[in-house]
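As a plain string of letters, each chain reads:
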Amino acid sequence: MPVGLPEFAENPENRCPVILLLDTSASMAGQPIQELNRGIGIFKEDLLKDTQASLSAEVAIVTFGPVKLLQDFVTVDYFTPSPLIADGVTPMGQAIEYALDLLETRKATYKDNGIQYYRPWVFLITDGAPTDSWQRAAQRVREGESNGKFSFFAVAVEGADMNTLQQLAPPERPPVTLKGLDFSSLFVWLSTSMKRVSSAKIGEAVPLPPVGWGQINT
């Protein structure tokens, strides 16, 4: 099958898409947003060390609030997001739905260009409670997980509404509370996970590294 878009002609590797769904509301101001920015930089550096992962992993960043596409899907060598700035409220429901729509569009692009892909990841990081309706988003997360469309991860920074996150996160993958502001360890874990996934066969179960950066909330 002919490959269409130049990005896929130049790099026809299987793709491993991940959306970073990041809470940048006003409560993240100061050290939390600084450490989150630093963690994203470490994530890029660590992925670039692995040739296969740097060709396969595709990263997008959606921030909220307001909901904004900070970085559309790119392989890590083109991944240069603007620094995160904390401001606004926490439209988490809208942000999750936006991210899931973005993911479906990207998957359609893969299919149109004959590119195979691993099960995508949606990685939510928040320190607050939703300021909008989130129930429909939660339903879409559960349905997407159960249908194998993506894997959804929820990470709670201090101050996050755990009750809501436990309803948003799929039962098989409960939310994780970050230890302090250890975003660096979190993003090294995420990078290591992406390396393992991208070196496996599509559809193969991949054991993930232990979650040393947080506490799983069951």
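Notes on the structure follow.

1. Thoughts on the overall build of the chain
So, point 1. When its secondary structure is counted, the chain shows seven helices and seven strands.
So, point 2. Over its C-alpha atoms the chain spans a radius of gyration of 16 Å, differing by no more than 12% from the 17 Å that the globule rule assigns to 218 residues.
So, point 3. Considered along the principal axes of its C-alpha atoms, the chain spans approximately 50 × 35 × 30 Å.
So, point 4. The proportion of buried residues among the 218 residues of the chain is 52%.

2. Considerations on the packing of helix α2 (residues 31–48) against helix α7 (residues 183–198)
Two numbers describe a pair of packed helices, the interaxial angle and the distance between the axes.
So, point 1. Running from amino to carboxyl end, α2 crosses α7 at an angle of 30 degrees, the nearest separation of the two axes being 8 Å. Classified by the interaxial angle, the pair formed by α2 and α7 is roughly parallel. The two elements α2 and α7 cross, and the hand of that crossing is right-handed. Here α2 contributes Pro32, Glu35, Leu36, Arg38, Gly39, Ile40, Ile42, Phe43, Asp46 and Leu47 to the contact with α7, which in turn contributes Phe183, Ser184, Phe187, Val188, Leu190, Ser191, Thr192, Met194 and Lys195.

3. Comments concerning the packing of aromatic side chains
So, point 1. Applying the stated rule across the entire model yields nine aromatic pairs.
So, point 2. Ring centres 6.1 Å apart and planes at 35 degrees place the aromatic pair tryptophan 121 and tryptophan 189 in the tilted group. Taken as a pair, tryptophan 121 in strand β4 (residues 121–126) and tryptophan 189 in helix α7 lie far apart in primary sequence, 68 residues in all.
So, point 3. A cation over an aromatic ring shows up here: arginine 173 above the ring of phenylalanine 153, its NZ or CZ 4.7 Å from the ring centre.

4. So, the nonpolar core
So, point 1. In this structure, Leu20, Leu36, Phe43, Phe123, Ile125 and Phe187 are the most contacted members of the largest nonpolar core, which totals 37 residues.
So, point 2. Counting residues per element, the ones that place at least two in this core are β1 (16–23), α2, β2 (57–64), β3 (68–75), β4, β5 (151–156), β6 (176–178) and α7.
So, point 3. In contact with leucine 36, not counting residues within four places along its chain, are Leu22, Met28, Leu84, Ile125, Phe183 and Phe187.
So, point 4. Residues Ala60, Val62, Phe73 and Leu100 belong to the second largest nonpolar core, which totals 28 residues.

5. A look at the pattern of salt bridges
So, point 1. For the structure shown, the criterion picks out 12 salt bridges.
So, point 2. A salt bridge links aspartate 101 to arginine 140; the shortest N-O distance between them is 2.8 Å. Taken together, the positions of aspartate 101 in helix α4 (residues 92–112) and arginine 140 in helix α5 (residues 135–146) put the pair 39 residues apart, joining distant regions of the chain.
So, point 3. Overall, aspartate 101 belongs to the partly exposed group, its relative accessible area being 41%.
So, point 4. Here arginine 140 falls in the partly exposed class, since its relative accessible area comes to 25%.
So, point 5. Here glutamate 145 and arginine 173 are joined by a salt bridge, their closest N and O atoms 2.2 Å apart. Within this pair, whereas glutamate 145 is found in helix α5, its partner arginine 173 is found in the loop between α6 (162–168) and β6, the two being separated by 28 residues in sequence.
So, point 6. According to the relative accessible area criterion, glutamate 145 is buried, its value standing at 4%.

6. Brief notes about the packing of α4 against α5
So, point 1. Axis separation between α4 and α5 bottoms out at 8 Å; the angle between their running directions is 35 degrees. The two elements α4 and α5 cross, and the hand of that crossing is left-handed. In this structure, α4 uses Gly93, Ile96, Glu97, Leu100 and Asp101 to contact α5, whose residues at the interface are Arg136, Ala137, Arg140 and Val141.
So, point 2. For the contact of α4 with α5, a count of residues per class yields four nonpolar, one polar and four charged.

7. Focus on the pairing of β4
So, point 1. Of all the six residues making up β4, six are buried; the element is thus mostly covered by neighbouring parts of the structure.
So, point 2. Along β4, one buried face is formed by Trp121, Phe123 and Ile125 and the opposite face, lined by Val122, Leu124 and Thr126, is buried too.
So, point 3. By the bridge criterion, six bridges tie β4 to β5 in an arrangement that is parallel. Each residue of the ladder has a partner; that of threonine 126, found in β5, is alanine 156.
So, point 4. In terms of handedness, the path from β4 via α5 over to β5 forms a crossover that is right-handed.

Rules used throughout
- Residues numbered from 1 in each chain as written.
- Predicted model: local features only at pLDDT ≥ 70, side-chain atom pairs only at ≥ 80, totals over all residues.
- Heavy atoms only, no water.
- Helix = DSSP H or I, 4+ residues; strand = E, 2+ residues; numbered from the N terminus.
- Rg over C-alpha atoms; globule rule 2.2 N^0.38 Å.
- Buried < 20%, exposed > 50% of the residue type's maximum accessible area, 1.4 Å probe, protein only.
- Axes fitted to C-alpha atoms, helices over the stretch in contact; angles between N-to-C directions.
- Parallel < 35°, antiparallel > 145°, perpendicular 65-115°, else oblique.
- Left-handed = near helix turned anticlockwise from the far one by under 90°.
- Contact = heavy atoms within 4.5 Å.
- Phe/Tyr/Trp six-rings, centres within 6.5 Å; stacked < 30°, edge-to-face > 60°.
- Lys NZ or Arg CZ within 6 Å of the ring centre and 35° of its normal.
- Core = buried A, V, L, I, M, F, W, Y, C linked by side-chain atoms within 4.5 Å.
- Salt bridge = Lys/Arg side-chain N within 4 Å of Asp/Glu carboxyl O.
- Nonpolar A, V, L, I, M, F, W, Y, C, P; charged D, E, K, R; others polar.
- Pairing = 2+ DSSP bridges.
- Right-handed = clockwise from strand over helix to strand, strands pointing away.

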